[in-house]
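Architecture at a glance
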Amino acid sequence: MRLWIDTDAINSAGKQVRMKVSEVTANISRQAASRGARAVNALRNAELNVLKGQRSGRRYRKYPYKSMYTASAPGEPPARRTGNLRLHWNGQVKTGASSGDGVEIIAELESQEPYAALLENGTSKMAARPFVEKIKEEAAPEIQRIYSEPYT
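Residues numbered from 1 in each chain as written. Predicted model: local features only at pLDDT ≥ 70, side-chain atom pairs only at ≥ 80, totals over all residues. Heavy atoms only, no water.

What follows concerns the confidence of the model for the protein chain. The predicted structure's coordinates, where accompanied by low pLDDT, should not be read in detail. Averaged over every residue, the pLDDT of the protein chain is 87; the share at 70 or more is 89%. Of all helices and strands in the protein chain, the one with the weakest mean pLDDT is helix H1 (residues 7-50) (85), whereas helix H4 (residues 132-148) scores best (95). (pLDDT = per-residue confidence, 0-100. Helix = DSSP H or I, 4+ residues; strand = E, 2+ residues; numbered from the N terminus.)

In structure tokens:
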């Protein structure tokens, strides 16, 4: 009686398992990056919603025109005068390896207007018009739903 182990079959099965694991990992990484893009879209939609509408502050004349607009009161999100703050945002998704075996997804939305930080934090002559936390709060349920979906 002879017993033997076919090492080619073992190596072949191991190779197939490694290929399948690699395929599944790549698929999950693609889905995670896609969810990051959807999270950026949720942030952008929340930003558009937070920065729209009328405010309850002082009324001003729009220079050089004679039309009037209502500014924001301290503590309210900024009022829309030109629309630049509302329209000039860039979103991006950063992916990288996390400390464990997973993947880290960072979805960020950044204003391209230099005065955005002044409105958010206020100055010595102007009270803050915070909007960042309000955007995060409005987008949080949608982002939670996006990342809670099962991976296929």
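What follows continues from the structure just given.
Let's shift gears to H4. When the terminal C-alpha atoms of H4 are compared, their 23 Å separation across 17 residues agrees well with the 24 Å that a helix rising 1.5 Å per residue should span. If you look at H4, its biggest bend is around 45°, right at Ala140, and the proline Pro141 turns up within four residues after that. The complete set of buried residues in H4 reads Ile135, Ala139, Ile143 and Ile146. (Expected span 1.5 Å × (residues − 1). Bend = angle between axes of the 7 residues up to and from the residue. Buried < 20%, exposed > 50% of the residue type's maximum accessible area, 1.4 Å probe, protein only.)

Below, the discussion takes up the pattern of salt bridges. A side chain with one charge can pair with a side chain of the opposite charge if their charged atoms come near. Applying the stated rule across the entire model yields 7 salt bridges. Linked through salt bridges whose partners overlap, the residues forming this network are Arg38, Glu142, Arg145 and Glu149. (Salt bridge = Lys/Arg side-chain N within 4 Å of Asp/Glu carboxyl O.)

Taken together, the side chains of Val24, Ile28, Tyr147 and Tyr151 define a hydrophobic patch exposed on the protein surface, amounting to about 320 Å² of accessible area. Counting through the fold element by element, Val24 comes out in helix H1. Accessibility expressed as a relative area gives 41% for Val24, which makes it partly exposed. (Patch = residues over 30% accessible without salt bridge, like charges linked within 9 Å, V, L, I, M, F, W, Y side chains within 5 Å. Areas by Shrake-Rupley, 256 points an atom, 1.4 Å probe, with all protein chains shown as cover.)

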